[in-house]
Amino acid sequence: MTKFVLTWAFQLQELLASKPRVHPAVNQVEVHPFNTRTEITSFCQAHDIVVEAYAPLARALRMQHPTIVSLTKKYSCTPAQLMVRWSVQHGFVPLPKSVSKQRIRENGNVGGFAIEESDMQMLDGLDEYLVTDWDPVDCD
């Protein structure tokens, strides 16, 4: 069965309203604590569309943010592991990118801890609409 992979969130409502024969399965969106895209991700989850989070590490632009540093110490993990775990706990499928075999293994090793709800809220509060690539919401 063919499944749609959607990249433009503003088309979701229109697509679903058309009653497609094949329901969209995945929406790939840049999502990380510094760009939470809550409206898009909530819509997808409410309509059983998997959120595939690309750039879940914010392209390493915020690895030294004080909140990230503090929480990595608390959970004994790397900044990348913290951000991947944040994605997983939100129900997203994160797609971290690395050229290092060691970091690829580390990025996948996030099952050994859970971020407390208060810390998840703190991470959610870091949202600054940091777009590290192109922004499909701004496209015409």
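As shown above, the structure is provided for reference.
Scope of this entry: the structure provided in the associated data block.

Definitions and cut-offs
- Residues numbered from 1 in each chain as written.
- Predicted model: local features only at pLDDT ≥ 70, side-chain atom pairs only at ≥ 80, totals over all residues.
- Heavy atoms only, no water.
- Core = buried A, V, L, I, M, F, W, Y, C linked by side-chain atoms within 4.5 Å.
- Buried < 20%, exposed > 50% of the residue type's maximum accessible area, 1.4 Å probe, protein only.
- Helix = DSSP H or I, 4+ residues; strand = E, 2+ residues; numbered from the N terminus.
- Contact = heavy atoms within 4.5 Å.
- Phe/Tyr/Trp six-rings, centres within 6.5 Å; stacked < 30°, edge-to-face > 60°.
- Lys NZ or Arg CZ within 6 Å of the ring centre and 35° of its normal.
- Axes fitted to C-alpha atoms, helices over the stretch in contact; angles between N-to-C directions.
- Parallel < 35°, antiparallel > 145°, perpendicular 65-115°, else oblique.
- Nonpolar A, V, L, I, M, F, W, Y, C, P; charged D, E, K, R; others polar.
- Salt bridge = Lys/Arg side-chain N within 4 Å of Asp/Glu carboxyl O.

**A few points about the nonpolar core**
- L82, I115 and L123 are the most contacted members of the largest nonpolar core, which has 31 residues in total.
- Sorting the residues of this core by element identifies α1 (12-17), α2 (38-46), β3 (50-54), α3 (66-75), α4 (79-89) and α6 (117-124) as the ones contributing at least two each.
- If you tally residues by element for this core, the top one is α4, at 5 residues.
- Beyond its immediate sequence surroundings of up to four residues, I115 is in contact with Y75, L82, R85, W86, Q89, M120 and L123.

**Focus: the environment of Q89**
- Positionally, Q89 belongs in helix α4.
- The spatial distance from the C-alpha of Q89 to the C-alpha of I115 is 7.9 Å, given a sequence separation of 26 residues.
- Not counting chain neighbours up to four residues away, the residues in contact with Q89 comprise A114, I115 and M120.

**Section: the packing of aromatic side chains**
- Going through the model one piece at a time under the given rule, you end up with 2 aromatic pairs.
- Measuring from ring centre to ring centre gives 5.9 Å for W86 and F92, while their planes differ by 65°; the resulting arrangement is edge-to-face.
- Classification of W86 by relative accessible area gives buried; the value is 1%.
- Judged by its relative accessible area of 7%, F92 falls in the buried class.
- It is R62 that lies over the ring of F34; its NZ or CZ is 6.0 Å from the centre.

**Comments concerning the packing of α3 against α4**
- Where α3 contacts α4, the two axes come as close as 9 Å, and the packing angle between them is 90°. Compared by their axis directions, α3 and α4 come out roughly perpendicular. Along its contact with α3, which presents I68, L71, T72 and Y75, the element α4 presents P79, L82 and M83.
- A per-class count over the contact of α3 with α4 returns 6 nonpolar, 1 polar and no charged.

**Let's talk about the pattern of salt bridges**
- This structure, assessed with the given rule, holds 4 salt bridges.
- A salt bridge links R59 to D133, with the nearest nitrogen and oxygen atoms 3.0 Å apart. Taken together, the residues span a long stretch of sequence, with R59 in the loop between β3 and α3 and D133 in the segment after α6 at a distance of 74 residues.
- The exposure class assigned to R59 is partly exposed, which follows from its relative accessible area of 40%.
- In this structure, K74 engages D119 in a salt bridge whose closest nitrogen and oxygen atoms are separated by 2.7 Å. Highlighted residues: K74 in helix α3 and D119 in helix α6, separated in sequence by 45 residues.
- Linked through salt bridges whose partners overlap, the residues forming this network are K74, E116 and D119.

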